[in-house]
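Each chain, written out:
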Amino acid sequence: MSGEPGDDVAPTVTGAPATDAAAALLGALVARGVRHVVLSPGSRSQALALVAAELERRGHVQLHVRVDERVAGFTALGIARETRVPAAVVCTSGTAVANLLPAVLEAHHAGVPLLLLTADRPPELRGVGANQTTRQPGLFSSATRYAADLAVPEKSDPDGTSDATVTLRVVAAEAVDAARGVGQWSAGPVHLNLPYREPLSGPLPAWLDAAIAASAQAAGGGSVDDAAMSGALYQGGGGIGSLDVADEAGEMPVALDRGPRTVVVAGADAGPAAEALAHEGRWPLIAEIVSGSRFGRHVVHGYRQLLRDPDLGGRIERVVVFGHPTLSREVTALLSDPAVEVIALRGPGEPLGLNGATRSVDAVAVAVDGDSPEVVDAERAWLGAWMRASRAAAVDLSPPAPDVDALSSAVPQERLGAISAELDAVRAPVDRNLLVDAVWRATWPHDRLVFGSSRLVRVADAVLPGKKVTVHANRGLAGIDGTVATATGVAIASQSAGAHGVTRVLLGDLALLHDAGGLLVAIGEAEPRIQIIVGNDGGGTIFDGLEVAATADAEAADRVLYTPHGVDLGRLASAYGWTHTRVTTRAALDQALTTPAAARQVIEVPLAR
């Protein structure tokens with residue numbers, strides 16, 4: 001958010017090319033299916049902002065105002081994560097644009113559609129020391145699927161039929177298609193840089209609704225011209241490599257022959273397809289908690305220790321990878337083994353290639369032949385060994401069942417002992433295992449669960465059983481930034497689409513503090529149903545489990561890695577209008593999770609370091 005000084009007396013404006021251009025562009029985006037606009041206020045972007053407000057008033061979009069552009073970017077990312085339709089992000093010029101970079105990089109690496117509409121100064125004010133002006137075109141070039149520095153609108157358009165308006169509608173169609181990954185591109189960010197001259201806003205054009213209808217009618221004819229694409233088509237350095245460009249349409253899936261000792265690995269955003277393949281192939285399923293694949297009969301519990309077992313992990317011959325695995329060193333070691341055949345389903349970002357010989361493919365299918373009795377017996381034995389080990393490694397975090405007989409005993413000592421045991425269970429302090437288990441048990445298919453990139457997601461990955469729920473996590477780059485804003489976007493999108501559940505976000509205290517600005521919801525906007533469950537261990541305890549803990553000076557490590565803080569999370573939540581609950585026992589935690597006190601709630605769980 002930023003502003004610019006103006007004259008003491010504003011001139012009378014009867015028409016503004018900036019407003020007509022903003023109406024043409026946003027109207028065309030609406031016609032292409034965009035239903036959410038997230039904006040941060042600023043002077044140079046005022047035409048876009050005012051048109052967006054009018055579109056909301058007429059029922060065409062939902063508008064979400066965020067004073068911090070970084071929060072705006074991640075809010076749009078969360079909306080698009082849930083809907084797979086890009087949300088438009090509007091901001092003014094200068095540093096406002098740069099604040100979108102973290103969300104852009106995450107969207108690029110995770111394959112999430114995003115539309116960036118950045119207002120700018122006209123060309124004659126660039127490079128001459130003008131206020132709030134920097135080189136915005138190309139700022140996101142390593143991460144965008146399509147980028148354009150559009151022409152300055154020169155004339156008003158009285159009827160919505162000018163060449164400039166038509167061009168903007170074509171650009172809007174191409175931008176949405178590129179963001180959604182139409183053609184040979186994975187979904188991801190698109191950047192439209194929009195220079196405007198004064199007057200920066202004026203009366204809204206009368207043709208706005210008619211233009212939306214006309215653009216919608218013509219929406220089926222547009223397509224992205226590969227020659228016009230710009231941005232991230234290059235190998236290495238964080239951009240899209242040539243291996244990420246889809247093969248020609250209609251290519252047959254790669255057939256997976258029967259016989260090799262195979263496991264299916266599901267990383268972030270793998271989705272149900274990984275479980276379906278494991279089921280059809282009769283192969284063990286190693287599914288990260290953020291994969292959306294941790295369900296079904298073939299899920300492997302305690303997979304980390306089993307991958308270290310030479311009789312299981314040491315005998316793997318082939319791995320089929322869905323999504324982006326990031327949560328365990330054991331999976332990384334497996335995928336880095338040059339002796340193992342690795343077949344990875346192609347996704348956004350760089351192609352997986354940790355062992356130097358990974359094969360990237362668009363689709364796989366289990367081969368229909370090779371099902372000889374010997375192969376069937378070998379595969380049955382392979383799966384059976386994994387499933388037996390999985391059952392033995394499963395962690396049961398269920399509270400012990402009450403001793404009904406002792407509670408009803410006529411012997412006072414037996415009855416008192418049973419009562420004491422029940423009270424001890426109720427009063428037992430919450431540790432990390434119990435925390436993640438409580439959140440997992442409270443979450444059902446009508447809910448949404450968002451994991452922050454904190455220590456807790458790794459705990460959850462290690463101990464939680466299978467369950468088919470919708471899970472989100474920013475694992476494209478696995479940063480802690482933007483977690484609250486992303487979860488808010490997920491909540492907004494799912495609940496506006498009719499979901500009746502609650503969005504829960506599980507994160508650590510540093511991740512919450514890093515995105516404290518995401519707690520701010522604009523006055524007058526609908527409040528989403530969201531619970532932030534924060535495990536507060538006073539700092540970054542994830543470093544306590546890394547090698548550095550054994551080699552670094554303890555005092556120095558505390559200061560620069562653990563980074564302790566003294567923030568009162570209750571006061572922080574209250575300052576932003578959230579209800580705060582502090583719980584220390586499993587019974588209190590279960591109650592807080594299942595009986596929300598308000599639409600927006602912070603549940604703080606103190607944890608030992």
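Rules of the game
- Residues numbered from 1 in each chain as written.
- Predicted model: local features only at pLDDT ≥ 70, side-chain atom pairs only at ≥ 80, totals over all residues.
- Heavy atoms only, no water.
- Pairing = 2+ DSSP bridges.
- Helix = DSSP H or I, 4+ residues; strand = E, 2+ residues; numbered from the N terminus.
- Axes fitted to C-alpha atoms, helices over the stretch in contact; angles between N-to-C directions.
- Parallel < 35°, antiparallel > 145°, perpendicular 65-115°, else oblique.
- Contact = heavy atoms within 4.5 Å.
- Nonpolar A, V, L, I, M, F, W, Y, C, P; charged D, E, K, R; others polar.
- Buried < 20%, exposed > 50% of the residue type's maximum accessible area, 1.4 Å probe, protein only.
- Phe/Tyr/Trp six-rings, centres within 6.5 Å; stacked < 30°, edge-to-face > 60°.
- Lys NZ or Arg CZ within 6 Å of the ring centre and 35° of its normal.

Colleague: So what's going on with the sheet that holds strand β11 (residues 341-345)? Which residues, and what values?
Modeller: Pairing is parallel across the open sheet formed by five strands, whose spatial order is β9-β8-β10-β11-β12. One side of each edge strand has no neighbouring strand; the edge strands of this open sheet are β9 (285-287) and β12 (359-361). Ignoring which end each strand starts from, the neighbouring axes of this sheet average 20° apart. When strand β10 (residues 318-322) meets β11, the two strands line up parallel, connected through four bridges. Residue pairing for β11: Arg318 is matched across the bridge by Glu341.

Colleague: Give me the lowdown on the packing of helix α14 (residues 432-442) against helix α15 (residues 455-463), citing residues and values where you can.
Modeller: Contact geometry of α14 with α15 gives a least axis separation of 9 Å together with a crossing angle of 75°. Looking at the two axes, α14 sits roughly perpendicular to α15. Across the interface between the two elements, Arg432, Asn433, Leu435 and Val436 from α14 touch Arg455, Leu456, Val459, Ala460 and Val463 from α15. Here the contact of α14 with α15 is built from residues that sort into six nonpolar, one polar and two charged.

Colleague: Please give an account of the environment of Val548 that cites residues and values.
Modeller: For Val548, the location among the structural elements is in helix α18 (residues 548-551). Assessed through its relative accessible area of 29%, Val548 is described here as partly exposed. Sequence separation between Val548 and Leu561 is 13 residues; the distance between their C-alpha atoms is 9.6 Å. With residues up to four places along the chain from it excluded, the contact list for Val548 reads Phe543 and Leu561.

Colleague: Can you break down the packing of aromatic side chains residue by residue, with the values?
Modeller: All told, the structure shown has one aromatic pair when counted by the stated rule. Arranged with centres 5.8 Å apart and planes meeting at 75°, the rings of Trp382 and Trp386 form a pair that is edge-to-face. With Trp382 and Trp386 both in helix α11 (residues 373-393), this residue pair falls four residues apart, about one helical turn. Of the two residues, Trp382 and Trp386, neither departs from the other in class, the shared state being buried. Here Lys467 stacks its cationic end above the ring of Trp444, 3.8 Å away from the centre of that ring.

No statement about biological role is implied by the geometric values presented.
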